[in-house]
Amino acid sequence: MAGNRNLNIAARAKNDEFYTQYDDIQRELNCYYIYDKNFLRDKTVLLPCDDPEWSNFTKFFALNFELYGLKKLISTSYAADKKKFIYRNLFDEFKDFSHGKIYTLEQNDLGKVDYPLKALNRWEYLEGDGDFRSAEVKRLRDEADVIITNPPFSMFREFLAWILEANKKFLIICNMNCITYKEVFPLIKENKIWLGNGFSGGDPQFKVPADYEERSTRFWIDNDGQKWRSFGNLHWLTNMEHGKRHENISLYMKYSPELYPRYDNYDAIEVSKTAEIPKDYAGVMGVPITFLGKYCPEQFEILGKIDTGKINEYNLANPIINGKIGYKRIAIRRRR
Ligand SMILES: C[S@@+](CC[C@H](N)C(=O)[O-])C[C@H]1O[C@@H](n2cnc3c(N)ncnc32)[C@H](O)[C@@H]1O
């Protein structure tokens, strides 16, 4: 029975329904725009996890289509019956839950729509379910120059690989844990990808669907009955230039051996807070992973690799200080 099939799919599905706020998108994109007003000019932008009816990414790029000088905007979404929870409205029962949706806006359309937001209701169904791995959405990826979204957290590795195999520019929301993945850290070390500007206060809030299970922490329901969640460890990951990346961290601490212990197993010192990186130390330092949110490649070079269990030069996955295993660190050195 189709009903049972859908229930089984929902039971298996991971919960990936977290809806990004307009202000968070605007705040991040502003940094790239201020750095280079033409960063998206004549580009095709694909938003591959964005329901044209809900997504603030779709709204943001439709509204800023002309300002950014986009050539084409494509926004696609995943079929509702593949999701664990569904974000609905009153008319949803009349909709087809087995297909994804697609919305496109092109330069030629602008003359025909007096206000791009109005055109958002001109979405159509995709042939398939809108899975980013489907041939249909892959074709859209290949057509696009830039891929932007908050992707399904449960499929992050696969999603990033899907972008990188097509060699696209991208800007996506990530969990900070992804930095230590073997598919991610080497690219950060080689300055091929980097963190974006980041969320205000580092603690973004996301709308979640009405049937989302209640939680005891980082969860609340607002006066309109809308459910929300917040996350403390999210950031933006990108390979597009933005101004913050080239701002030096201002340093005020002076090195002294008492303040900065040496690791037992590496020729490096432990610096437990990014703000306390000594301004006068020329050797190798182990810094927290959150350093990458402030990393300026003109100021520091990244030397280490993070590879749990293996002892290699500056592999600070398991640094030992005075006989005790310390926190995972990134090995850096000041550029001369
Ligand atoms: C974290 S949510 C973000 C939604 C939207 N991008 C936003 O920021 O508001 C990730 C979205 O990806 C969708 N998704 C899950 N698996 C997918 C897949 N295989 N292909 C495409 N989208 C998928 C989820 O249904 C969910 O709506």
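Residues numbered from 1 in each chain as written. Predicted model: local features only at pLDDT ≥ 70, side-chain atom pairs only at ≥ 80, totals over all residues.

1. Remarks on helix H6 (residues 156-165)
Working step 1: Among all positions in H6, only Phe 156, Phe 159, Leu 160, Trp 162 and Ile 163 are buried. Buried residues along H6 cover an arc of 155° about the axis, so they all sit on one side. When the buried face of H6 is taken as reference, the exposed residues oriented beyond 90 degrees from it are Ala 161 and Glu 165.
Working step 2: Close packing links the buried residues of H6 with strand E5 (146-149) and strand E6 (169-175).
Working step 3: Positioned one or two residues after H6, Asn 167 has a phi angle of 60°, which is positive. (Buried ≥ 20, exposed ≤ 12 C-beta atoms within 10 Å, placed from the backbone. Helix = DSSP H or I, 4+ residues; strand = E, 2+ residues; numbered from the N terminus. Arc of directions from axis to C-beta. Contact = placed C-beta atoms within 7 Å.)

2. Some words on the sheet that holds E5
Working step 1: Read from one edge of the open sheet, 8 strands run E4-E3-E2-E1-E5-E6-E11-E7, paired in mixed fashion. A single partner strand is all that each edge strand has here, and the edge strands are strand E4 (124-125) and strand E7 (194-195).
Working step 2: Packing against the sheet, helix H3 (residues 56-63) makes contact with strand E1 (44-47), strand E2 (72-76), strand E3 (101-106) and E5, and its axis sits at approximately 160° to E1. (Pairing = 2+ DSSP bridges. Axes fitted to C-alpha atoms, helices over the stretch in contact; angles between N-to-C directions.)

3. Topic: helix H2 (residues 22-35)
Working step 1: The terminal C-alpha atoms of H2 lie 20 Å apart, and with 14 residues this matches the ideal 20 Å at 1.5 Å per residue to within 8%.
Working step 2: Within the span of H2, buried status applies to Asp 24, Ile 25, Glu 28, Leu 29 and Tyr 32.
Working step 3: Looking at the buried residues of H2, the elements they touch are H3 and strand E11 (234-238). (Expected span 1.5 Å × (residues − 1).)

4. Remarks on the environment of Leu 140
Working step 1: Along the chain, the position of Leu 140 falls in helix H5 (residues 135-143).
Working step 2: Leu 140 sits 93 residues away from Leu 47 along the chain, and the two C-alpha atoms are 9.8 Å apart.
Working step 3: Setting aside residues up to four positions removed in sequence, Leu 140 forms contacts with Leu 46, Ile 74 and Thr 76.

5. Re the domain arrangement of the chain
Interface size, as often reported, equals the accessible area lost upon joining of the parts.
Working step 1: Per the domain assignment, the segments making up the chain are domain 1 (2-245) and domain 2 (247-336).
Working step 2: A separation of 34 Å is found between the C-alpha centroids of domain 1 and domain 2.
Working step 3: Across the boundary between the two partners, domain 1 contributes 13 residues, which contact 10 residues of domain 2.
Working step 4: Looking at the side of domain 1 that touches domain 2 element by element, the count peaks at 3 residues for helix H7 (residues 185-189).
Working step 5: Of the residues contributing to the side of domain 1 that touches domain 2, the split by class is 5 nonpolar, 5 polar and 3 charged. (Domains from an automatic or database assignment. Nonpolar A, V, L, I, M, F, W, Y, C, P; charged D, E, K, R; others polar.)

6. With respect to the nonpolar core
In a soluble, globular protein the nonpolar side chains are often hidden away together inside.
Working step 1: With 71 residues, the main nonpolar core has Val 45 and Phe 61 as its most contacted residues.
Working step 2: When we break this core down by domain, the ones giving at least three residues each are domain 1 (2-245) and domain 2 (247-336). (Core = buried A, V, L, I, M, F, W, Y, C linked by C-beta atoms within 7 Å.)

7. With respect to the site of the ligand
Working step 1: As a structural note, the neighbourhood of the ligand is formed by 21 residues, with Thr 20, Cys 49, Tyr 78, Asn 150 and Pro 152 the closest of them.
Working step 2: For the shell around the ligand, a count of residues per class yields 10 nonpolar, 6 polar and 5 charged. (Near = placed C-beta within 6 Å.)

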